[in-house]
Structure formats: C-alpha cells, structure tokens
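Report on the structure
Chain by chain, the residues run as shown.
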Amino acid sequence: MAGYTPMMQQYLSVKEEAKDALLFFRLGDFYEMFFEDALTASRELEITLTGRGAGQEERIPMCGVPHHSAEGYIARLVDKGYKVAICEQVEDPKAAKGVVRREIVRIVTPGTVMETKSLASGANNFIVGAAELAGRFGLAACDLTTGEMYVTSFAASAEPVKNELNVYRPSEAVGDERALAILEEASRASGRALVTTVRSQAQEPGERLAEQFPEERWDRHEPVRKLAVARLAEYLGETQKRSLAHVRAVKSYDPQQFMALDAFTRRNLELTETVRDRARKGSLLWLLDRTRTAMGARQLKRWIDQPLLDRDAADERLDAVEALHGNWMLREDLRAALSEIYDLERLVGRIAYGTANARDLNALGASLSRIPALKAICAELGSGPLSALSRSLDACEDLALSIADAIAAEPPVSVREGGLIRPGFHERLDELREASKNGKTWIAELERREREATGIKSLKIGFNKVFGYYLEVTRANLGTLPEGRYERKQTLANAERYVTPELKEKESLILEAEERMVDLEYELFAALRDEIALHIPRLQQLAERVASLDVLQSLAEVSAERRYVRPTWSEGYDLNVSGGRHPVVEAVTEGSAYILNDASLTREGGPILLITGPNMAGKSTYMRQVAMICIMAQIGCFVPAARAELPMVDRIFTRIGAADDLVGGQSTFMVEMKDIQIMTEQATERSLVIIDELGRGTSTDEGMAIAQSVIEYVHDRIGCKALVSTHYHELAHLEETLGGLRNGCMAVKESADGVTFLRKLVAGAADSSYGIYCAQLAGLPDSIVQRAYGLLEAAGATPSRTESAPDGAVPSPASVPTYAAAASLPAQAAPASVAEREPTELTAAVAGIQQLSMFEEAAAAAEAKSAKARPSEADKLLDKMRKLDVMRMTPLQALEWLNDARNQLIGKGD
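Residues numbered from 1 in each chain as written. Predicted model: local features only at pLDDT ≥ 70, side-chain atom pairs only at ≥ 80, totals over all residues. Heavy atoms only, no water.

1. A closer look at a nonpolar patch on the surface
Residues W328, M329, V886 and M887 make up a contiguous nonpolar surface patch of about 470 Å² in total accessible area. By secondary structure assignment, the location of M887 is in the loop between α32 (873–882) and α33 (891–908). We classify M887 as exposed; its relative accessible area is 58%. (Patch = residues over 30% accessible without salt bridge, like charges linked within 9 Å, V, L, I, M, F, W, Y side chains within 5 Å. Areas by Shrake-Rupley, 256 points an atom, 1.4 Å probe, with all protein chains shown as cover. Salt bridge = Lys/Arg side-chain N within 4 Å of Asp/Glu carboxyl O. Helix = DSSP H or I, 4+ residues; strand = E, 2+ residues; numbered from the N terminus. Buried < 20%, exposed > 50% of the residue type's maximum accessible area, 1.4 Å probe, protein only.)

In structure tokens:
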C-alpha cells in the first residue's frame, strides 16, 4: 500500500476483510467503489465509471452511488449473486484526528437480505448451512427476515439432499467443500442459482451454539446437525455483525415425518409453480391460497412442501378445517380480522435488527389489537384444535398498550426527524416542544412589530441552516430603513439580510430546544423498541399461531367454495376415491362441465392400474388428480371428490411429460430411466407411483420390454399402488398374468362428425391412440395427415380417422370402449358410476361436454369447437345462477328469482 493516500490505504485495509464482496465505502454523501469493484459495479449497475487520484501516477477506477438511494443498487447486485460489504464512518468527523475511522457494519448476501422491499411477501428467503460427518448429512435453514431456523439430517446421498433442498429453495449456502459440492449439484438439477461460501471449520460448535441458542438442549441433537447449525450461525454473525436476537429457537425434524417429494414430482404435479413458465398461477398453491396475511401465505407453502405422515396431526388440521368449513359467518369474521394483521414475523425481524421505525411499531400495535377478536372467534367455533389455539394466542396487551401510549398516530418514516412521540408521554419532551412553539410565536410577533416600526410591509423573517434566523428587506425599501437599526448579514441581488442581538439570542434558544427535542424523541423511541425486543419469543410464537390459523381458514374457504369433502383414512393400504376431480384443472376450466372419475387401488381389487387409450383423452390429468387428492388430504385440506378413503402415502413418484437434461448430458429417455431407478431404490409398499407413457424414447420392442419389466418389478418386488399409462396396447395381456394389475382406458365416442374424447376412465384396454387424428386437430397439412393414414394402412394396421379419410369411413376399433360398450361390461370390471347407468343415459350425460387436458393446446380448442352443443334452458338457468350475488339479495328477491326460474323451466318443458 506504499504510495497510496491515507484514505486509500484505509480502503485497502478494509477491503482485505471482505475480499469476496463488493465494498461500498462511505465518503460523505456517497458510497464509493474502487479498482475491480468499481469496474464490476459500473457494468452491473450501468453507472458512470470515473477515476480518482490515489497517490499513484495513474488514476484508479472509481464509481459511486448516493447513500440515500443505495438500497436499490445493493438489491440489484445481490439479485445478480454478488455480496455487498457496507463500510460506514464509525466516529464523529469533528472529533477525528486524521482520517475518519471506518468499519464494515454489515455484509449483504443473497441469503441475508433484510430489506423486505426486494423480497416477495409470501415467500421465504432461506440460507442453508451444511455439514457431512460419518456418512450423515446435516442441513440447517434460516430465514433472517422472520427468524425461523430449521435443522434436519439424513444419509449423505444425492437424492435426500435434493428433496430437502426443494423444500427450502435457498439462495445461499455455507458449509465444507464436500457438502457444498452435493448442494451445488442438487441446485443445478433444479435450475436454480446458489451462492456458496466455504466454511470448513466452525469455532468450537458448543460455544457458538450456546451463545446463539442459550435455551436449546444441544445434547439431544445429532453431531452433524450441531455442526451445520454452528457453521450457519457463525457465518450469520460474521456478515451481520450484530446480535441476532430473533434467531433464538431451532426447530428440529426428521424427513421421515413428511411425505417425500422429489424435484420431478413437485414439478410434474405443479405444487407451487407451473411446468410451462414456472408461474404461481395454475399451481396447487395458487388454488389453495386464500390467506389474509403474508406469514399465512408462507406457512401454506411450507405445508404443501411437507405433507404430513402423522395421521393424528393431519386429523387435527382436518378437524379445524371442518369447524371453519361449517360456519360461513364466523369464517368471514375471522378473515376480516386476519386481514388487519401485518407481517408479524418480519416486523419482529426489523425490531431485532434495530431498523424498525415508528410506523412499524404502530403496525405491530394495530396487529396485536386484533388478537382478542381472533381468540373470541376460535373459542366460539367450539372445535377442539381451534379452542386450544385460542387459549394459546398471547395478545401481548402490555406491548400493545406501551406502543399506543408512546407512538404518535401518524409518525414520519425517518426516526431522526422528530414527531415520533405522542404529546403527554414525556414531561421534558413536552417542555421542549412548548419552548420551540413559544419561540416561533415570538419570531412571528417580532416580524409584526418590525413591520410597524419601519413601515416596510414586505419585511419578513426567514431561516436557513447557514445563517439561522434573519430579517430580509427588499432593495426597493432600503431607503426607508432607519440607519443603524439592524446589523447587515448577507447581500442578495434583490434584498439585504440583517440580524439583531435579540434575534440571535432567541434563535439559540429555539434551535437548542428543537435539537434536544429530536434527540430526546429518538432516545425514547429506541428505548421502547429495545423493550419490545426483549419480548421477541412471545411475538414469534404468536406469529406462528396466527399463520397456522390463517392457513386453516384458507383451506376451509377453498373447500367450501369448491365443494370439497373431508377425506377419511383407510386402515392401511387401500385407496378409494369416488367422483374425483383434478382441483386445478377444474378451477381453470370453470364454466365447463367436469367429468368425474373414480379411483380404486386396493390389495384385493388390484393396486396397479394400467391405462391405455387415446392421446389427449385425459390420462395424465386422471393420474395427477389421484396424487393431488393424496397430497391435499395429508396437508389437512378437504379433497375434490364425492368420497375419499385414503391411506397415508409415504412418498409419491411421478414421471409425466418429456424432459431432458442438456446440462447433465442426459436424453429424455435417460432421465426417465434415472427416475425409475430412484423409484426402484426408494419406493415402499406405502408409496404411490405414477408413470406416464412408460417405455417411450427407444425402439418399440425395447420400450415395451422395459415397460413390462418395470410393471412386473413394481408388482412383485415393491407391492405399492401404481398408475401406469402406456401406448403399448400389447401390454394389456399383463392383466392375465399379474394378479394385482387391472386394465383401464379412456373412453371415446366416434361419429361421422369426428372423435370425442369422453375423459372417462372405464375398464378394459384400448388398441389405438388416435395419434394421426390428434395431428390433424393440431393443424398439420392435410397431405401429411393423408400420407400418414396411407402408411398406417400399408403396414397392416387399422387406422382410426374421421371423414377426412379418402373413403369417408369412420372405423371404430373393437377394443376401444365407448360409453355404450362400458355399460355392457360386468359391474366388477367397470367403475360403479359407469356400470350402473344405461347406455343412452351415459351418452346423454357427456353430450356437449368438453373437459380440457392438463395444458392448453390448439387441439383442445378445436375439439371444443366441434363438440360443443347448444345449451339447454336448464344450462342457461345454471349460468344465471352462477352469476347471482346471493349475499346482496333480500329473501323476497331470492324467492321471486326462484319462482321465475321454475316457471321458465315448466314453460319450456325441461
């Protein structure tokens, strides 16, 4: 550092403490960056790069940002994966000898962002600590904005790490090199960026843990868990450089407490985001989220990410949902009360950090004032779980009262401007306010007297920070001003400014009162904030309970609105669903009739269903809906069905849709085989396996051989419940050799107008996938379609086509059941809802009904256009009924509408 100026030497010494971060070095009203940091920041932030003399021959690169707007620039850099070290002046420049002392006060990293403006309110921002020890992997996850800390451990292998990483989706990780390598591999597989920091050795874990978590019994924790938490806690202490008073409790769990869901299953079932564009809309989370608080939204996502395996815990949630489901008025009162509660978890985080302002404290006080209403509503509902929740809600009346007494109703954003404290709260503060007010009154009176004495009506008294108070006389009136009356202070182009000894004396008293008043207000505010910080554990427990209550009412609200039913639990293995629907598909196709489907996977009736049938007929949607019903039940929600008897499913495996791994150099077929390999290793008798189009991606003979082998392995070795779809219709013979396998297919209806996919699962096997017909619907040129039909006929196969075929004939494959065929099957072979109905009734039931598949496609739109029938009078009435605002109608209006509707139906003969 020889040859550099003292200031630049200070910069370089500070930079040594944060080599992996961009250093924001405070100089006056700017944060400046130098050398490589300046080059990086100017490029990433698109700000001007300049230079500065630093005692060397050449100028060094420099750029900067204003300190008052630095938060936005820091957020942009952190979003790009950078760390930012903030260096501030830590001594008064007036008292400094030489260069003002500066220190790093905080390092902002992707996992330690506290500025909630750059974070989604309904999502957590986790940073994880990792450790590997004696074949075990420890994972600790913390969200600094809320103070949550979780820790778990499992066998040190890739799949369990991926599964847990998918729960937290961290933005940053800290740990030893081996552990981080596993995390980075898992993160790449999910397509998310992960900033990592190596920390091979924490200080003695026991010391660090005892310091940060004084009430935790660490002798009960596995060593690898202790090491993971210790590394994370040490890193947080290094970067935040303050006491993390809100991170005091650790929630420990075993992965076996929750249903295991790998990355492909989460993606394929679209639990929290859609496959196509990773959007929230169209996911299960989007459907179920009727929460009224940000902390409730985050809690709901955690419940979806971790479905329960404890039947008692699931029943406790279902009991609460049932009580709320059955009382619409109290549920609405509860929702209204919750909507007035702010994000308690993040408010507590800002209080602990010392960054909460007076408006934050008022938000906390307003939130606490709503807790008694929540307690009363929960007690009135009478449910066991809700009554227990009501008793555990601590309204923190003492804190609410302290805030109401101290903080002004409408305080400013800044805590250094005054106006924070209510009048009457502090005697000395009221005296200073009175002195300031009286002084300003005296100034106004002096201005009036001087105007009368001099006869200059435009004379005025002003103030600025440089000269203080002054009398100003315009140049036009200087001739009438008595000579020697004032002391000249400043000359302007059009006026002169003066002072008097009396004015300067009063100015000293006023400014002293205002300065002392602002300082005293801040002292009183900071003392109250520190007092509230002592009660952080109480506030965090309250926030957790309010979040759970919010999720329960959200599940009840959706269940009531969409007519879901409470599931029951089977004694162990059997799964039976009557009238099941896919919850999200039903929601996005609202206004169209939805075809209900049953599902029965039992030991006696057969735990494996082999589904064949046409493309676009709804096979994937059917399989997904069975999995979704299981997940919804195990998070404690009612399910979309007429009746559901379910087992506790320990894991769901899905392989649906084509996906390759270009980065990993794996084809679609290889990815599918890897998924099936993981399934063969980890699936148990309690698992649910879903495989769509098993065996595709290779030759027909090899694909069919693999498909049969996999099915036999699941049947003979694993013995779990499975839904398998395939276009290899030849596999239907497995029903004869595998006692636990049944054939099913999606029914179709052929006519001169085309093919209608009825979206109904019926017993039996299909021998056509209608692939060429789907290509025609997609809009392929007619020459391609006709050539495909010709090649198919030349190969000796029987095509299934519409009137566009050369001869206009519409052959109907014998083994593709239509509704009429399904009705003639034995009752034990076909679902009850099909077998019990007459053919004409079945055909009429689906006439004009079109149900969309999982994804919107041009083909589906074309099918809807051709299949849609003219709505009946009853359909028109139903449409009108859907649009009725029942809650705004009087009883008389409702009766009149009902009578008109009845007369309309009778008149039309419906």
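Alright, that's what it looks like, and here's the rest.
2. With respect to the pattern of salt bridges
Close approach of charged atoms allows side chains of opposite charge to pair. Counted according to the given criterion, the structure contains 54 salt bridges. Here R538 makes a salt bridge to D394, at a shortest N to O gap of 2.9 Å. Here R538, found in helix α20 (residues 536–561), pairs with D394, found in the loop between α16 (384–392) and α17 (397–406); they are 144 residues apart in sequence, far enough to count as distant. We classify R538 as partly exposed; its relative accessible area is 26%. For D394, a relative accessible area of 28% puts it in the partly exposed group. Each of R169, R266, K301 and D305 takes part in salt bridges that share partners, so that together they form one network.

3. Some details on the packing of helix α13 (residues 344–353) against helix α14 (residues 358–368)
Helix-helix packing: each pair is described by the crossing angle between the helix axes and the interaxial distance. α14 packs onto α13 with a crossing angle of 140° between their chain directions and a minimal axis gap of 10 Å. Taken together, α13 and α14 sit at an angle that is classed as oblique. Note that α13 runs across α14; the crossing there is left-handed. From α13, L344, L347, R350 and I351 reach across to α14, where they touch D360, L361, A363, L364 and S367. Partitioned by chemical class, the residues of the contact of α13 with α14 number six nonpolar, one polar and two charged. (Axes fitted to C-alpha atoms, helices over the stretch in contact; angles between N-to-C directions. Parallel < 35°, antiparallel > 145°, perpendicular 65-115°, else oblique. Left-handed = near helix turned anticlockwise from the far one by under 90°. Contact = heavy atoms within 4.5 Å. Nonpolar A, V, L, I, M, F, W, Y, C, P; charged D, E, K, R; others polar.)

4. Quick look at the sheet that holds strand β2 (residues 30–34)
Here six strands make up an open sheet; going across it, the order is β3-β4-β2-β1-β5-β6 and the pairing mixed. This sheet does not close on itself; its edge strands, each paired only once, are β3 (50–52) and β6 (102–108). The sheet shows a mean angle of 40° between the axes of neighbouring strands, direction not considered. Each of β1 (22–27), β2, β3, β4 (60–66), β5 (84–89) and β6 touches helix α1 (residues 6–15); the most contacted strand, β1, lies at about 145° to it. (Pairing = 2+ DSSP bridges.)

5. Here's the deal with helix α12 (residues 328–338)
Every α-helix winds through 3.6 residues per turn, so residues three or four apart in the chain are directed the same way. Listing the buried residues of α12 in full gives L330, R331, L334, R335, A337 and L338. Mapping the buried residues of α12 onto a view down its axis gives an arc of 160°, with all of them on the same face. Tucked into the core, α12 has its buried residues touching α11 (311–325), α15 (371–381) and α20. (Arc of directions from axis to C-beta.)

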